[in-house]
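Residues per chain are reported as follows:
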Amino acid sequence: MPAVTVDDLSKLAKVPVLGPEQGQERPLRSVTTAPSGLEGEGFPVRRAFAGVSLADLDPFVHMDQMGAVNYAPGEPKGTPWHPHRGFETVTYMIDGTFAHQDSHGGGGLITNGATQWMTAGAGILHIETPPEELVVSGGLFHGIQLWVNLPAKDKMTPPAYQGLEADQVTLLSSPDGGALVRIIAGRLGDYTGPGSTHTPMALIHASISAGALLQLPWDPSFNALLYVLAGSGYVGSEGRPIQGGQMTTFGPGDWVTVRAGDRQEADTDHLEILLLGGRPIGEPVEHYGPFVMNTREEIGQAVEDFEAGLFGSIPPNALMPHVPDPDPIRAEHTGI
């Protein structure tokens with residue numbers, strides 16, 4: 001799990017040390033296990049928010065862990081062109097490469113440790129698909145897609161795109177050097193990530209060495225969610241066991257505690273976690289396919305506007321999913 005790694009954590013700034021004035025630890029509220037499914041053209045995902053209370057998720061709507069899967073040649077798949085309205089999509093690539101293009105000029109490659117932050121707002125068409133070279137060669141693919149809701153006042157904001165490269169992520173070390181903390185968006189103490197968000201929030205990926213403890217201050221106005229990407233460990237001062245594919249929610253408080261197990265799985269030597277939280281919007285949510293609005297009437301209008309072509313158009317010579325030729329001999333002789 002490369003994302004962004006650092007050989008010498010001692011050279012990094014440190015996560016703020018919690019003092020007696022720091023307030024109270026956030027209590028554990030729930031632990032759920034994400035079921036598996038298929039997305040887009042058929043790539044495997046885990047539905048991270050399945051079974052979690054909507055009140056605990058606000059301002060988030062949906063999150064998939066894509067992979068981790070080691071594709072054989074010809075197997076990598078993505079999504080075709082499709083619409084969105086009313087929220088922001090966040091694609092964080094940990095391993096592998098995704099190509100993105102949208103109807104408002106955004107696009108590029110998202111690869112190891114990079115993040116695509118797309119504001120769908122009033123409406124956008126986009127595609128995310130593995131590039132041709134990855135489809136041909138196969139390889140490791142692992143990432144996260146998160147949907148962040150927009151408040152009613154921002155639902156129809158103009159679409160926008162941010163490409164956050166891996167070297168832009170803010171890196172911190174835990175005080176004892178046992179954890180690498182990557183801030184993609186939001187604030188941790190005096191440090192902020194590069195992501196610019198309409199909804200106040202934080203998104204952090206931490207790698208915790210076997211047996212190490214990580215305590216992070218957390219904005220008391222935000223909710224707090226922890227998802228295990230890989231490995232195993234314990235959350236809260238009570239030490240509730242957690243493992244890959246599980247989501248933890250926390251109650252109100254000022255900081256969260258997580259510790260990596262003393263022994264990790266064969267495929268990782270760290271507990272890999274995603275910590276996310278945001279200021280709850282507290283508005284009604286109507287979610288229909290690729291649209292997230294406040295009322296059924298707004299959903300109906302979104303469908304009508306999409307069908308009327310008001311979300312933009314697929315550009316000429318647009319990016320399309322690469323489909324490998326089923327006959328390699330014919331492909332070799334025809335140059336396909």
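Here the structure is a predicted model, which is why all the values come from computation and not from measurement.

Asker: Explain the sheet that holds strand 23 (residues 246-250) residue by residue, including any values.
Answerer: Backbone-to-backbone hydrogen bonds pair the strands of a sheet. The strands run either parallel or antiparallel. With mixed pairing, eight strands are arranged side by side in an open sheet as 1-14-15-18-25-20-23-2. The open sheet terminates on both sides in strands that have one partner only, identified here as strand 1 (13-14) and strand 2 (28-33). Where strand 2 meets strand 23, five bridges bridge the pair, whose relative direction is antiparallel. By the bridge assignment, valine 31 is partnered in strand 23 with threonine 248.

Asker: Hey, could you go over unusual backbone geometry for me, with residue numbers and the actual values?
Answerer: Cis peptide bonds are those with omega within 30 degrees of zero, and the linkage from aspartate 58 to proline 59 qualifies with 20 degrees. Its location among the elements puts proline 59 in the loop between helix 1 (54-57) and strand 5 (60-71). For the bond running from glycine 67 to alanine 68, omega is 5 degrees, close enough to zero to count as cis. Inspection of the secondary structure assignment puts alanine 68 in strand 5. Even without glycine at this site, asparagine 317 takes up a positive phi of about 55 degrees. Considering the arrangement of structural elements, one finds asparagine 317 in the loop between helix 3 (296-307) and helix 4 (328-334).

Asker: Requested: an account of the side chain of arginine 26, with residues and values cited.
Answerer: Along the chain, arginine 26 turns up in the loop between strand 1 and strand 2. For the buried residue arginine 26, which engages in no salt bridge, the nearest side chain bearing the opposite charge is aspartate 219, 6.2 Å off. Here glycine 251 takes part through its backbone oxygen, which lies 3.2 Å from a polar atom of the side chain of arginine 26.

Asker: Mind laying out the packing of aromatic side chains, listing which residues take part and the relevant values?
Answerer: For any pair of aromatic rings, the description rests on two quantities: the centre-to-centre distance and the angle between the ring planes. Evaluated as defined, the whole model comprises five aromatic pairs. Seen from their ring centres, phenylalanine 306 and phenylalanine 311 are 5.9 Å apart, and the 55 degrees between their planes marks the pair as tilted. According to the relative accessible area criterion, phenylalanine 306 is partly exposed, its value standing at 34%. Through successive ring pairs, a cluster of aromatic residues spans Tyr71, Phe98 and Phe141.

Asker: Give me the lowdown on the sheet that holds strand 6 (residues 79-84), citing residues and values where you can.
Answerer: Sheet architecture is open: four strands sit in the order 6-11-8-9, paired in antiparallel fashion. Single-partner strands in this sheet number two, and they are strand 6 and strand 9 (107-111). Within the sheet, the average angular offset between the axes of one strand and its neighbour, ignoring direction, is 20 degrees. Bridging between strand 6 and strand 11 (residues 124-129) involves four bridges; their strand directions are antiparallel. Within strand 11, the residue paired with histidine 84 across the bridge is isoleucine 124.

Thresholds applied
Residues numbered from 1 in each chain as written. Predicted model: local features only at pLDDT ≥ 70, side-chain atom pairs only at ≥ 80, totals over all residues. Heavy atoms only, no water. Pairing = 2+ DSSP bridges. Helix = DSSP H or I, 4+ residues; strand = E, 2+ residues; numbered from the N terminus. Buried < 20%, exposed > 50% of the residue type's maximum accessible area, 1.4 Å probe, protein only. Lys, Arg positive; Asp, Glu negative; His and termini not counted. Salt bridge = Lys/Arg side-chain N within 4 Å of Asp/Glu carboxyl O. Polar contact = N/O pair within 3.5 Å; in protein donor to acceptor, adjacent residues only side chain to side chain. Phe/Tyr/Trp six-rings, centres within 6.5 Å; stacked < 30°, edge-to-face > 60°. Axes fitted to C-alpha atoms, helices over the stretch in contact; angles between N-to-C directions.

Honestly, it's all geometry; don't read function into it.
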